[in-house]
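Chain residues, written in single-letter form:
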Amino acid sequence: MAEDGPRYRRILLKLSGEALMGSAAYGIDPAVLSSLAKELSQLKKLKVQVGIVIGGGNIFRGIAGVAQGFDRVRADQMGMLATIINALALAESLSAHAVPAKVFSAFEIKGVLEPFSKERAIALLEEGYFVVLAAGTGNPFFTTDTAATLRALELEAEILFKATKVDGVYTADPEKDPSAQKFDYLSYDEVLSRNLKVMDLTAISLARDHELPILVFNMQKIGNIVKAVCGEKVGTLVGGAP
């Protein structure tokens, strides 16, 4: 850990729904969920303010529904509902690890969730809550990557952390190509021109336009999230100061 504490005071973490599956083919693995919450609880001890956007691919992915013949708008709405299930599960697991968490949705579900409010979310962050943001942007045709970038900007986060299962961005898929080379730093324009699969192009363009740095790192490696918030060199930094 850096001697002077965390480098970042407020972060936005983007998690995939698949991160909750473990070795299962579908759904939420309770052991994986608990392990993830335990890792994130370390940030509470460091007094880092944390917003989280989570996907729903472990339950339902809109684009997969389209491939099955579903209407795109309806399929994306189903995917948004899947993110809500994941967000509620993550918030409960965080609470079990002594981290108060509040879930907001991009649209209201009366009796279950309240709609996202920038002012209320920031107030809760400053009180020590982790804020979990569900239902993407609330609109079809936009991914949770874009939602994460949008929420990071709205919450005035200093950086967007993109959690993956590999330790950064490579020239090719390192699981398929052993000669793939890892990048330590990329500019936004390099990501766009190389069509690198960091986040979708809308998310990268939005981050570039507002100079929001993105750190792509392996969340599955124990301790990496703490190293990342303390400014240690893990993963690949996109934008910001190399």
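Residues numbered from 1 in each chain as written. Predicted model: local features only at pLDDT ≥ 70, side-chain atom pairs only at ≥ 80, totals over all residues. Heavy atoms only, no water.

(A) The pairing of strand 2 (residues 49-54), seen in detail. When you tally the buried positions in strand 2, you get six out of six residues, the bulk of the element. With burial as the criterion, each face of strand 2 is covered, one bearing Gln-49, Gly-51 and Val-53 and the other bearing Val-50, Ile-52 and Ile-54. Relative to strand 2, strand 1 (residues 10-15) is paired through six bridges, and the arrangement is parallel. Bridging from a neighbouring strand, Leu-13 pairs with Ile-52 of strand 2. As a crossover connection, the stretch from strand 1 through helix 1 (residues 30-45) into strand 2 is right-handed. Pairing between strand 2 and strand 5 (residues 130-134): three bridges, direction parallel. The residue bridging Val-53 from the neighbouring strand is Leu-133, located in strand 5. (Buried < 20%, exposed > 50% of the residue type's maximum accessible area, 1.4 Å probe, protein only. Helix = DSSP H or I, 4+ residues; strand = E, 2+ residues; numbered from the N terminus. Pairing = 2+ DSSP bridges. Right-handed = clockwise from strand over helix to strand, strands pointing away.)

(B) Here's a closer look at helix 3 (residues 72-96). The end-to-end C-alpha distance of helix 3 is 37 Å, a good match for the 36 Å that 25 residues give at a rise of 1.5 Å each. The backbone nitrogen of Val-73 lies 3.1 Å from a side-chain oxygen of the residue at the head of helix 3, namely Asp-71. (Expected span 1.5 Å × (residues − 1). Polar contact = N/O pair within 3.5 Å; in protein donor to acceptor, adjacent residues only side chain to side chain.)

(C) Seen up close, the packing of helix 1 against helix 3. Interhelical geometry of helix 1 versus helix 3 gives an angle of 60° and a closest axis separation of 9 Å. On the basis of their axis angle, the class for helix 1 and helix 3 is oblique. Judged by the sense of rotation from one axis to the other, the crossing of helix 1 with helix 3 is right-handed. Touching Leu-33, Ser-34, Leu-36, Ala-37 and Leu-40 of helix 1 are Ala-89, Leu-90, Ser-93 and Leu-94, all from helix 3. Here the contact of helix 1 with helix 3 is built from residues that sort into seven nonpolar, two polar and no charged. (Axes fitted to C-alpha atoms, helices over the stretch in contact; angles between N-to-C directions. Parallel < 35°, antiparallel > 145°, perpendicular 65-115°, else oblique. Left-handed = near helix turned anticlockwise from the far one by under 90°. Contact = heavy atoms within 4.5 Å. Nonpolar A, V, L, I, M, F, W, Y, C, P; charged D, E, K, R; others polar.)

(D) Focus on the pattern of salt bridges. One pass over the structure, following the stated rule, counts 12 salt bridges. Residues Lys-118 and Glu-156 are paired through a salt bridge, measuring 3.1 Å at the closest nitrogen-oxygen approach. Here Glu-156 lies in the loop between helix 5 (144-154) and strand 6 (159-164) and Lys-118 lies in helix 4 (residues 118-126), a separation of 38 residues in the sequence. The exposure class of Glu-156 is partly exposed, given its relative accessible area of 48%. Between Asp-184 and Lys-182 there is a salt bridge, and its shortest N-O distance comes to 3.0 Å. Judged by its relative accessible area of 58%, Asp-184 falls in the exposed class. The exposure class assigned to Lys-182 is partly exposed, which follows from its relative accessible area of 30%. Taken together, the shared-partner salt bridges in this structure form one network comprising Lys-14, Asp-145 and Lys-162. (Salt bridge = Lys/Arg side-chain N within 4 Å of Asp/Glu carboxyl O.)

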